[in-house]
Amino acid sequence: MTSARDRILGKLRAAQKPFDELPPAPPKRYMSRPEDLSAEGLRARFVQEVKKLSCIPIEHADAESAIEYILGVIGEDSSVITWDFEQIPLTGLETALNDRGIQRGQPRDDKVRVGITGAVAAFASTGSLMMTSGAGKPRIASLLPPVHIAVIHGNQILPDFDTWIEQKRAEGIGSFNRPANNFLITGSSRTSDIAMESVLGVHGPGEVHVVILV
Amino acid sequence: MKVDANNFVSVAQIAVNDPDLQEAVSLGTYNGYSKRLVAMFSNGHEHGEAMRQQAAAMRRRAIQKLPDLLELAEKNMTANGIKVLWAETAEDVRNMVLDIAKKRNAKLVAKSKSMISEEVALNHAFEENGIEVVETDLGEYIIQLNKETPSHIVMPVMHRTKREIRDLFMRELNMPFTDDAAEMTAFIRKHLRQVFVNADIGISGGNFIIAESGSLCLVTNEGNGRMVTAMPKVHIGIVGIEKVIETIEDYATLTQILPRSATGQQMTVYMQMINGPRREDEPDGPDEVYVILVDNGRSKVYATKYAEALTCIRCGACLNACPVYQVTGGHAYGWVYSGPIGAVITPALTGLENATPLPQASSLCGKCKQVCPVDIDIPRMLLDLRHELVEKGMTDKIFDVGLKAWSIGNRSPKLFIMGGAVARFGTRFLPNRLPGPLGGWTKYRDFPQFAPKPFRELWKERKKGKPS
Ligand code: SF4
């Protein structure tokens, strides 16, 4: 007895191949690749794109002021959901939270208001954050709390998604599909299902802060 | 979902005479159409066109190599820890999903938007088996609450006005009165939170499968797609066999063109590449991931001159651009897929005899091909389907709708070539008729004029308490 799989593949193979005379692939085009590829140029473009997405980019020259900013967003809250601190490129964050008596909440606790994460890369062309799942990096931290603070270092900003893929290709495909989940975050959770009106914060965070250390 | 495309004319007649639907659909299609234009051609016209050709060539190559890519995708997904199942029919899909649900003793299922699950009538199967299933995309949730079907492949509830949705929430969920879409959304957000936390199984569709890496790609704006693939212990992705692409670079190309065509965004908010269940060292994610590869007629279409329709990336741009869709909305098309691409897919997948009016439901103005991010020649396929109707002697049913009315449509060449996004203005000066062959329906009915003031203006006045 043949399986459903073999019958489906058999039917496809028995058919005359569609598009038998395809022209050669056209050269790759990029929709909005930044012109200025210097570190400053990429950072400026990234900041500009993040703003366009109604998110809040903040550049900080030192860790203290970045931590101060984050504490300001947390306000009076007694707990936050965070990645493990060694995954967030901001030394002193753990101590600062401890000093304030701010606990690390349970990842599935939907009462917690703020989630703090890092990112594996950021893309200047679209203002996107590249995330991969992994040890110490709960996916929920950038999803369940209504406020997401992502901390990145300025040198993590790449021109675009294609550049990141080039890096993965150089490392081997295993580096791409080793994590259970790779995902891009571009802006805050949004919908326009009700009469085309743009509303932020449907299921994911409606408020996204990107702290950029320079 | 039952195919009900042969009633196209009568359902369209109702739609044309429904002022709420006219208000909602003209707002929705106009919005989608204009946002797409801005996003696609922000780097200049020539560049946008080049992107389309690149995407078109890539999708065609993928469909040409479909059986090989499917095998590669299966091998790599399996190596990634994904359980791959093959379903020949809609019934196979329902049985497979129910089997998994029973094995896991599931009581609650959370779903993110998936057209293919509508195609195989999955929700119905759950309900029959006493398993609660909740749609979590806001639009789909509204559809489920109102016990209707989606009318657009990207904006499922495009046919409803804000007033109608507000009244529905008040009636069904005791929502306090509000006219604010943000407040309505916040109310539903709260309502659905516990569904994500408590669901035993998450179900999603899949926008693409990357063969070389064995990744299931899922693109959502609201975040529900991430929720249903991260919170429940089991994730099932249901995907048509035509969705496979070859490389990660191909996915990058599609991430540039799909959001721009669908919603006018540079990128959709969340673009996932799912490589399998939670890895041992990862703190969250499902323990089990299934991907069901669905044929349900696609391998049959593969061998026909309609194979080109399999390259569709379901962006909805051709719906928004279609002068017929703009006045009928999606329900008249009688199945999951509406608009120009639906007029090809429904007869191709379910049989021409089940959808004889659809090939005629077009003025052949060519807008659908022009806006399609993968340059699908929909007008060519509609003509081929019309030839088939004639060859198979199925023309009598359409004669009245199509051929006779054709002459009426031709008398109004302006409406005929106009992407009806501007129909709002046009209808004030033109006879009360639908464009093209659909003129047949309006023979006895007046085609309502579009509101002289756009919805947004009326709405602003309403908010200020001025009479509208
Ligand atoms: S046919 Fe083209 S325009 Fe229409 S939904 Fe498919 S990809 Fe989009």
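Residues numbered from 1 in each chain as written. Chains lettered and ligands numbered in written order. Predicted model: local features only at pLDDT ≥ 70, side-chain atom pairs only at ≥ 80, totals over all residues. Heavy atoms only, no water.

What follows is about the packing of helix 16 (residues 339-350) of chain B against helix 18 (residues 378-391) of chain B. All names here are of chain B. Axis separation between helix 16 and helix 18 bottoms out at 10 Å; the angle between their running directions is 40 degrees. It follows that helix 16 is oblique to helix 18 by the angle criterion. Note on packing geometry: the crossing formed by helix 16 with helix 18 is left-handed. In contact with Pro340, Ile341, Ala343, Val344 and Pro347 of helix 16, helix 18 contributes Ile378, Met381, Leu382 and Leu385. In terms of residue class, the contact of helix 16 with helix 18 is built from 9 nonpolar, no polar and no charged. (Axes fitted to C-alpha atoms, helices over the stretch in contact; angles between N-to-C directions. Helix = DSSP H or I, 4+ residues; strand = E, 2+ residues; numbered from the N terminus. Parallel < 35°, antiparallel > 145°, perpendicular 65-115°, else oblique. Left-handed = near helix turned anticlockwise from the far one by under 90°. Contact = heavy atoms within 4.5 Å. Nonpolar A, V, L, I, M, F, W, Y, C, P; charged D, E, K, R; others polar.)

All right, on to the pairing of strand 7 (residues 234-240) of chain B then. All names here are of chain B. Across the 7 residues that make up strand 7, a large majority, 7, are buried. Both faces of strand 7 are covered, namely the face carrying Val234, Ile236, Ile238 and Gly240 and the face carrying His235, Gly237 and Val239. Pairing between strand 4 (residues 201-204) and strand 7: 4 bridges, direction parallel. Bridging across to strand 7, Ile203 finds its partner in Ile236. As paired elements, strand 7 and strand 10 (residues 288-294) share 7 bridges and run parallel to each other. (Buried < 20%, exposed > 50% of the residue type's maximum accessible area, 1.4 Å probe, protein only. Pairing = 2+ DSSP bridges.)

At the interface, 104 residues of chain B touch 76 residues of chain A. In this assembly, chain B packs against chain A so that about 8000 Å² is buried in total across both faces, 58% of it on carbon and sulfur atoms. On the chain B side of the interface with chain A, the three residues burying the most area are B:Gln64, B:Arg189 and B:Arg226, jointly 9% of the side's total. Taken together, chain B and chain A are joined by 9 salt bridges. The residue B:Asp281 makes a salt bridge to A:Arg178 at a minimum N-O spacing of 3.2 Å. In this structure, the connection of chain B to chain A is made through 47 residue pairs in polar contact (both at pLDDT 80 or more). The greatest single-element share of the side of chain B that touches chain A, amounting to 12 residues, is contributed by helix 3 (residues 45-64) of chain B. Its residues placed into classes, the side of chain B that touches chain A shows 48 nonpolar, 32 polar and 24 charged. Two strands pair when backbone bridges link them, and strand 9 (residues 181-185) of chain A and strand 9 (residues 270-274) of chain B are joined in this way by 5 bridges, in the antiparallel orientation. Among the inter-strand pairings, A:Leu184 is bridged to a residue of strand 9 of chain B, identified as B:Met271. (Buried area = accessible area lost by both parts, 1.4 Å probe. Salt bridge = Lys/Arg side-chain N within 4 Å of Asp/Glu carboxyl O. Polar contact = N/O pair within 3.5 Å; in protein donor to acceptor, adjacent residues only side chain to side chain.)

Residues and elements named next belong to chain B. Position of Gly330 among the secondary structure elements: in the loop between helix 15 (325-328) and helix 16. Gly330 sits 162 residues away from Leu168 along the chain, and the two C-alpha atoms are 20 Å apart. Among all residues touching Gly330, those that are not within four sequence positions of it are Ser151, Tyr325 and Ser338.

What follows concerns the sheet that holds strand 5 (residues 208-210) of chain B. Taken together, 8 strands build an open sheet; the order of strands is 8(A)-5(A)-6(A)-9(A)-9(B)-6(B)-5(B)-8(B) and the sheet is mixed. Looking along the sheet, the strands with just one partner apiece sit at the ends: strand 8 (157-158) of chain A together with strand 8 (244-245) of chain B. Strand direction decides the pairing type here: strand 5 (residues 121-123) of chain A and strand 8 of chain A, joined by 2 bridges, are parallel. Paired with A:Ala122 across the strands is A:Ile157, a residue of strand 8 of chain A.

Averaged over all residues, the pLDDT of chain B equals 87, while 84% of them reach at least 70. For this predicted complex, the interface score ipTM comes out at 0.96, while the overall pTM is 0.89. (pLDDT = per-residue confidence, 0-100.)

Before going further, it helps to examine helix 3 of chain B. Taking 1.5 Å as the rise per residue, helix 3 of chain B with 20 residues should run 28 Å; its terminal C-alpha atoms sit 29 Å apart, in good agreement. Here helix 3 of chain B lies mainly inside the structure; 15 of its 20 residues are buried. (Expected span 1.5 Å × (residues − 1).)

Below, the discussion takes up unusual backbone geometry. One non-glycine residue, A:Ala195, lies in the positive phi region at around 50 degrees. Looking at the element boundaries, A:Ala195 is found in the loop between strand 10 (190-191) and strand 11 (199-200).

So, about the environment of B:Ala73. Residues and elements named next belong to chain B. Mapped onto the elements, Ala73 comes out in helix 4 (residues 66-79). Expressed as a C-alpha distance, the spacing of Ala73 and Ala262, which sit 189 residues apart in the sequence, is 26 Å. Discounting residues that sit within four places of it in the chain, Ala73 has contacts with Ile209, Ala211, Gly214 and Val244.

So, about the nonpolar core. Ranked by size, the top nonpolar core spans 170 residues in total, and within it A:Phe161, B:Phe126, B:Phe169, B:Ile236 and B:Tyr251 carry the most contacts. When near neighbours in sequence (up to four residues on either side) are disregarded, A:Phe161 contacts A:Phe123, A:Met130, A:Leu184, B:Tyr251, B:Ala252, B:Thr255 and B:Met273. Of all hydrophobic cores here, the second largest spans 46 residues; its members include A:Ile102, A:Met131, A:Ile185 and A:Leu213. (Core = buried A, V, L, I, M, F, W, Y, C linked by side-chain atoms within 4.5 Å.)

Residue and element names in this part refer to chain A. Taken in spatial order, the 6 strands of this open sheet run 1-12-7-4-2-3, and their pairing is parallel. Pairing within the sheet leaves two strands with one partner each, and these edge strands are strand 1 (56-60) and strand 3 (103-104). Pairing of strand 2 (residues 79-82) with strand 3, which is carried by 2 bridges, proceeds in the parallel orientation. Opposite Ser79, over in strand 3, you have Gln103 as the bridge partner. Lying over the sheet, helix 2 (residues 39-52) contacts strand 1, strand 7 (147-153) and strand 12 (207-213), oriented at roughly 150 degrees with respect to strand 1. Packing against the sheet, helix 3 (residues 63-74) makes contact with strand 1, strand 2, strand 4 (114-117), strand 7 and strand 12, and its axis sits at approximately 170 degrees to strand 12.

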